[in-house]
Amino acid sequence: MTAYDADNIFAKILRGDIPAYKVYEDDDTLAFMDVMPQSDGHTLILPKTPARNILDVDPDVLAKVIKVTQKIAKAAVTAFEADGATVMQFNEAPAGQTVFHLHFHVVPRYLGVPLRP
Ligand code: 5GP
């Protein structure tokens, strides 16, 4: 697999080189709003340690990220008055990954409302 690239956009957000609308942070994880949301409340959750995707990450780090993903999903559904949430995660370009630092998407869903492209 291709090596982790420390110049990816999420690594820059983690370093504070570029801004993001942060909604949660702890010692191991960061969550911020997606800049091109597919629904109201679309949030991204990532580990602070470098990992390209799920194929690359330490399982203990992954466990921490998925726990925070659940926390964010619950909070987003409540805060954005959604009817549910889609949780998505992509691994490598053929699978739809565009930013190569592991992240989970929490996309609140609303009855009868399709995702924005
Ligand atoms: P992927 O396809 O890699 O799972 O999704 C990457 C996501 O990152 C996309 O939903 C995209 O809108 C989001 N994104 C890309 N660049 C930025 C950025 O600079 N800031 C934020 N907040 N989100 C970004």
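Residues numbered from 1 in each chain as written. Predicted model: local features only at pLDDT ≥ 70, side-chain atom pairs only at ≥ 80, totals over all residues.

Peer 1: I'd love a proper account of the UniProt feature "active site" (unreviewed entry) in the protein chain, names of residues and values included.
Peer 2: Here, the residues flagged by UniProt with the feature "active site" (unreviewed entry) are His103. Those residues in contact with histidine 103 that sit more than four places away from it in its chain are Phe10, Leu44, Ile45 and Leu46. (UniProt positions renumbered as here; feature names shortened; annotations may be inferred. Contact = placed C-beta atoms within 7 Å.)

Peer 1: Please give an account of helix α2 (residues 59-79) that cites residues and values.
Peer 2: Along its 21 residues, α2 runs 30 Å from first to last C-alpha, staying within 8% of the 30 Å computed at 1.5 Å per residue. Turning to α2, its buried residues number three or more, namely Val65, Val68, Thr69, Ile72, Ala73 and Ala76. Down the axis of α2, the sector holding all buried residues measures 155°, keeping them to one side. In this structure, α2 carries Pro59, Asp60, Ala63, Lys74 and Thr78 as exposed residues pointing more than 90 degrees from its buried face. The elements touched by buried residues of α2 are β1 (22-25), β2 (29-33), β3 (43-47), β4 (84-88) and β5 (104-109). Positive backbone phi, approximately 50°, marks glutamate 81, located one or two places after α2. (Helix = DSSP H or I, 4+ residues; strand = E, 2+ residues; numbered from the N terminus. Expected span 1.5 Å × (residues − 1). Buried ≥ 20, exposed ≤ 12 C-beta atoms within 10 Å, placed from the backbone. Arc of directions from axis to C-beta.)

Peer 1: Before we move on, can you summarise the nonpolar core with the specific residues and values?
Peer 2: Core analysis: the biggest nonpolar cluster contains 20 residues, and Ala31, Ile45, Leu46, Ile72, Ala76, Ala85 and Val106 have the highest contact counts within it. Elements with a contribution of two residues or more to this core: α1 (9-15), β2, β3, α2 and β5. Broken down by element, the residue count for this core peaks at five residues, all from α2. Not counting the four nearest positions on each side in its chain, leucine 46 is found in contact with Phe10, Thr29, Leu30, Val65, His101, Leu102 and His103. (Core = buried A, V, L, I, M, F, W, Y, C linked by C-beta atoms within 7 Å.)

Peer 1: Would you mind going over the confidence of the model for the protein chain in detail, with residue names and values included?
Peer 2: Mean pLDDT over the protein chain stands at 97; residues scoring 70 or higher make up 100%. The complex prediction reports pTM at 0.98, with the ipTM value standing at 0.99. (pLDDT = per-residue confidence, 0-100.)

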